[in-house]
Amino acid sequence: MSLRIRNLQSFLRPINRRFPQAVWSSRVVTSIRYNSSTPNNNSSRRPNSGEEGSNKKDTKDSDLPATNDEHNELLEKYNPDKSSRVGTPKGAIPAIDHDLASLLKKPKYEYNPENNTNEVTYEFPPPKSPKQLKVEKIREKSKPKSRFKKIAPSLIAAGLASWGIFTYSYLTSKTDPDKDGETGLLRPDKFLPYVISFKHQIDDDHYLIELTRKNRHKKLINNETLFNGKTMWSIEIKQPDINIVRNYTPLPLYVAGTDPVTKEPHLRLVSESEEQGKFIIIVKKYKQGEFSRWITGLNLLHPVEVRGPIVEHKFPGHPLDKFYIKRPQLANLLSKIKPDPEYPEKLPKPENYVYYGAGTGILPLLQLIYSPNPPKGFIEAYLSIHSESNLLDQFKTLNYFAEKIGRVKFHYFIGEKGEHLSSKDILKPTLPNFTGLSDIKLSEEQYREKLLAEKREEVKRQIANGGISNEGKKSITHEEEENHTIPKLDVSKFKPDNAFQQFNIFKKRKTTPDPSFAFVCGPEGYMADVSGKSDLNNLEMVDNGPIGGKLKEKGWTLQNIKRLQ
Ligand SMILES: Cc1cc2nc3c(=O)[nH]c(=O)nc-3n(C[C@H](O)[C@H](O)[C@H](O)COP(=O)(O)OP(=O)(O)OC[C@H]3O[C@@H](n4cnc5c(N)ncnc54)[C@H](O)[C@@H]3O)c2cc1C
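The shown structure was predicted, so the numbers you read here are calculated from the model rather than taken from an experiment. (Residues numbered from 1 in each chain as written. Predicted model: local features only at pLDDT ≥ 70, side-chain atom pairs only at ≥ 80, totals over all residues. Heavy atoms only, no water.)

K.L.:
When you look at the UniProt feature "binding site: FAD" (unreviewed entry) in the protein in this model, what are you seeing that I'm missing?
P.N.:
Mapped onto this numbering, the UniProt entry gives "binding site: FAD" (unreviewed entry) at I282, K284 and S292. Considering the arrangement of structural elements, one finds I282 in strand 7 (residues 278-284). For I282, a relative accessible area of 8% translates into the label buried. Here S292 lies in helix 7 (residues 290-296). Judged by relative accessible area, which is 4%, S292 ranks as buried. Other than its neighbours up to four places away in sequence, S292 contacts Y248, V283, K284, K285 and Y286. Only 3.1 Å separates the side chain of S292 from the backbone nitrogen of Y286, close enough to count as a polar contact. (UniProt positions renumbered as here; feature names shortened; annotations may be inferred. Helix = DSSP H or I, 4+ residues; strand = E, 2+ residues; numbered from the N terminus. Buried < 20%, exposed > 50% of the residue type's maximum accessible area, 1.4 Å probe, protein only. Contact = heavy atoms within 4.5 Å. Polar contact = N/O pair within 3.5 Å; in protein donor to acceptor, adjacent residues only side chain to side chain.)

Pasting the structure below:
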């Protein structure tokens, strides 16, 4: 084998010299074939028979070129046109050795430099393999980035998202007229969407309807409270089909549940901020009444448009309000009603009122006494209703609580029982406790005088007792001497737990105070009979209608009457 390779090398040496680049080209190599049948016999090596070779004299193995001339001759033979291109030998080519041929065969597998484990050294840094590039890329990615670089994509994404939302809401609010962009619960200049969240028929012609602000939870962000005892107010509801509007008196109550047997609603007072945005109205259905028939016929979750508050009466300012002393709201349990704050003695007393109401005209009074911070004075209420069934039991209970804590005295007149308001039920007016700022100065002076008188009395007593202060003992002895009874408990040191205790132990009155202001509210005929009809037919919307009826007889004037019609 080694001999054969040596022969081949010596054979190809001259070709190498002449065609150094092409010497290992497959074309040259494959064009030279050797007969491998007799490997050790050089004489048996002869070119394959060819067209040209057959014409020439045979070349024996022993005839291999020994001199340069012979080499050239041989080359001439295999490269007769002497061009730089190596052409296909025309003569017979010796057969190639089988082992050599297997080495020269095209490899079965594609060469892959990655699999090359041979160590190679380079003068310059070698090009990076795909694997190295991949590792480098991963390493680059896992490198710690700056804080800004880290949050930059999130910031861009958030910015794009909010821009998208804004654009969408801007475009849709322009195109969708029903879209409610208002955050408030009510607006006096705009109808806002509400839904009928509960409906209950009280009797033949009275309905309780609970209204809830659409998307109520989203509208509570402003902590808006609709009810406050400082005003009597109504809402306007729109009938969109025939475009008419009617007023109704909202009450600060909502439906907390229903009785499984009677289906009557369990009403709760609206007092917490999360209960806002709901209220109830009581609607009387008239046979010919366009609006009342429509609204009482609506189903649950039907949308309605509501505007308000429309202020019907605003209570004038009082020095007690200046000190932000609020009267606690009623509660669903008598014992839960908080006691009234102690009003400073030197300030004028709160005003007392009388209320004459009939039918749905009793509702403004109920709104007032169920609201937070109701009027601080006492109210004598004369309410005329057709039937006892017109009034929900839960209203009667709340009214009873208000009575038990000394805020109101109710007188009911039930029409179907033949009970009616008469002249003897009309109270006489008294002067108001507070008419203006001069009253404060006057009451402060009175208070100073009162304190001085008390001090003088105390000094006198001390002198009479030889300088020994024995006031407590003396007062008890004095009481005992006067009444011949067990001395009374000094309750001034006790603090009441609730309004009921406060009124019944500390403040119980023998007589009810006289009112200085009267409210009248009811149907036309009732108004005419009690106070004369109101007349608001002027730009200022001031009631200029002359006072008449029963109230005029008792000395009431336009200055101390409010007619709600
Ligand atoms: C400030 C204010 C608050 C109000 N609050 C309430 C409330 O809480 N609940 C309530 O039910 N109503 C309330 N009303 C009355 C209400 O606004 C409507 O007038 C009433 O519902 C009738 O409207 P209607 O369209 O059905 O009747 P309309 O079509 O206006 O009248 C049709 C017929 O119904 C009868 N009618 C209408 N109103 C009366 C009436 N007051 N007395 C007697 N007969 C009448 C008459 O026969 C009349 O001809 C209030 C009104 C005002 C001004």
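K.L.:
Looking at this structure, how should I read a positive patch on the surface?
P.N.:
A contiguous patch of positive charge on the surface is contributed by K137, K141, K145, R147, K149 and K150. Going through the elements one at a time, helix 5 (130-142) and helix 6 (147-175) are the ones with two or more residues in the positive patch. Sort the elements by how many residues they give to the positive patch and helix 6 lands first, with three residues. With respect to the secondary-structure elements, K137 resides in helix 5. (Patch = residues over 30% accessible without salt bridge, like charges linked within 9 Å, V, L, I, M, F, W, Y side chains within 5 Å. Areas by Shrake-Rupley, 256 points an atom, 1.4 Å probe, with all protein chains shown as cover. Salt bridge = Lys/Arg side-chain N within 4 Å of Asp/Glu carboxyl O. Lys, Arg positive; Asp, Glu negative; His and termini not counted. Charge placed at Lys NZ, Arg CZ, Asp CG, Glu CD.)

K.L.:
Quick question: what am I supposed to make of the site of the ligand here?
P.N.:
If you check the shell around the ligand, you find 19 residues, and the closest are N247, Y248, I282, K284 and S292. K284 places a main-chain nitrogen or oxygen 2.8 Å from an oxygen atom of the ligand. The side chain of S292 places a nitrogen or oxygen atom 2.6 Å from an oxygen atom of the ligand. Here the ligand has 920 Å² of accessible area as a free molecule, and 66% of this is covered by the chains. Breaking the shell around the ligand down by element, the ones donating at least two residues are strand 4 (244-248), strand 7 and helix 7. Here the shell around the ligand is composed, by residue class, of seven nonpolar, eight polar and four charged. (Near = heavy atom within 4 Å. Nonpolar A, V, L, I, M, F, W, Y, C, P; charged D, E, K, R; others polar.)

K.L.:
Is there a simple way to think about the sheet that holds strand 2 (residues 206-213) in this case?
P.N.:
Sheets are built from strands paired through backbone hydrogen bonds, the pairs being either parallel or antiparallel. Sheet architecture is open: six strands sit in the order 4-3-8-1-2-7, paired in antiparallel fashion. Of all strands in the sheet, those with a lone pairing partner are strand 4 and strand 7, marking the two edges. This sheet shows a mean twist of 40 degrees between the axes of neighbouring strands, independent of strand direction. Relative to strand 7, strand 2 runs antiparallel, the two being bridged by seven bridges. Across the sheet, residue I209 finds its bridge partner in strand 7, namely I281. Across the sheet, helix 9 (residues 363-370) lies against strand 3 (231-239) and strand 7, angled at about 120 degrees from strand 3, the strand it touches most. (Pairing = 2+ DSSP bridges. Axes fitted to C-alpha atoms, helices over the stretch in contact; angles between N-to-C directions.)

K.L.:
How do you make sense of helix 10 (residues 393-404) when you look at a structure like this?
P.N.:
Because an α-helix packs 3.6 residues into every turn, residues spaced three or four apart end up facing the same way. With 12 residues, helix 10 ought to run about 16 Å at 1.5 Å a step, and its terminal C-alpha atoms sit 16 Å apart, in line with that. Listed in full, the buried residues belonging to helix 10 are F395, L398, N399, F401 and A402. Taken around the axis of helix 10, the buried residues stretch over an arc of 155 degrees, which confines them to a single face. Tucked inside the fold, the buried residues of helix 10 contact strand 5 (253-258), strand 6 (265-269), strand 7, helix 9 and strand 11 (408-414). Just downstream of helix 10 lies G406, where phi reads positive at about 75 degrees. (Expected span 1.5 Å × (residues − 1). Arc of directions from axis to C-beta.)

K.L.:
So what exactly am I meant to see when it comes to the environment of T397 here?
P.N.:
Relative to the assigned elements, T397 resides in helix 10. Measuring from C-alpha to C-alpha, the distance between T397 and N332 comes to 8.8 Å, with 65 residues separating the pair along the chain.

K.L.:
Can you help me understand the sheet that holds strand 11 in this one?
P.N.:
The strand order across the open sheet built from five strands is 11-10-9-12-13, with neighbouring strands paired in parallel fashion. Edge positions in the open sheet fall to strand 11 and strand 13 (561-564), since each of these has one partner strand only. Pairwise comparison of adjacent strand axes, ignoring direction, gives a mean angle of 10 degrees for this sheet. Helix 9 contacts strand 9 (353-358), strand 10 (379-385), strand 11, strand 12 (517-521) and strand 13 of the sheet and is inclined by roughly 140 degrees relative to strand 10.

K.L.:
Where do I start with the pattern of salt bridges in this structure?
P.N.:
Two side chains that carry opposite charge are able to pair once their charged atoms sit near each other. Taken as a whole and judged by the stated rule, the model has 18 salt bridges. Across the pair K424 and D425 runs a salt bridge whose closest N-O atoms are separated by 3.8 Å. Residue K424 is classed as exposed on the basis of its relative accessible area, which comes to 71%. Judged by relative accessible area, which is 10%, D425 ranks as buried. Salt bridges sharing partners connect three or more residues here, namely E182, R187, D189 and K190.

K.L.:
Explain a nonpolar patch on the surface here, please?
P.N.:
On the surface, F148, I151 and L155 cluster together into a nonpolar patch covering about 320 Å² of accessible area. If you trace the backbone, F148 turns up in helix 6.

K.L.:
Would you take a moment to explain the pairing of strand 3 for this structure?
P.N.:
Sheet faces and side chains relate simply in a regular strand, where the side chains alternate between the two faces. Of all nine residues that make up strand 3, nine are buried, and the element is covered over most of its length. Burial along strand 3 is two-sided: the face carrying T231, W233, I235, I237 and Q239 and the face carrying M232, S234, E236 and K238 are both buried. Of the pairings in the sheet, the one linking strand 3 to strand 8 (residues 303-314) comprises seven bridges and is antiparallel in character. Directly across from T231, in strand 8, lies its bridge partner K314. Where strand 3 and strand 4 come together, five bridges link them in antiparallel fashion. Bridge pairing links Q239 to I244 in strand 4.

K.L.:
Just checking my understanding: could you explain the confidence of the model for the protein for this structure?
P.N.:
Low pLDDT marks regions whose predicted coordinates should not be analysed in detail. On average, residues of the protein score 79 in pLDDT, and 73% of them are at 70 or above. Here residues 14-62 is modelled with pLDDT under 50, and outside its nearest four sequence neighbours on either side it reaches 78 contacts, counting other chains as well. Within the model, the stretch residues 468-476 combines pLDDT values under 50 with six contacts to residues more than four positions away or in other chains. (pLDDT = per-residue confidence, 0-100.)

K.L.:
What am I meant to see in the packing of helix 9 against helix 10 here?
P.N.:
The description of two packed helices rests on the angle between their axes and on the distance between the axes. Running from N to C, helix 9 and helix 10 cross one another at 55 degrees; their axes reach a closest spacing of 11 Å. Comparing their axes, helix 10 and helix 9 come out oblique. Between helix 9 and helix 10 lies a crossing whose hand is left-handed. Facing helix 9, whose interface residues are L366, I369 and Y370, helix 10 presents F395, L398, N399 and A402. (Parallel < 35°, antiparallel > 145°, perpendicular 65-115°, else oblique. Left-handed = near helix turned anticlockwise from the far one by under 90°.)

K.L.:
Looking at this structure, I do not really get the environment of P309. What am I missing?
P.N.:
For P309, the position within the fold is in strand 8. Among the residues examined, P309 registers a relative accessible area of 33% and is labelled partly exposed. In this structure, the C-alpha to C-alpha distance between P309 and E236, residues 73 residues apart in sequence, is 8.2 Å. Aside from chain neighbours lying at most four places away, what touches P309 is L186, P188, W233 and S234.

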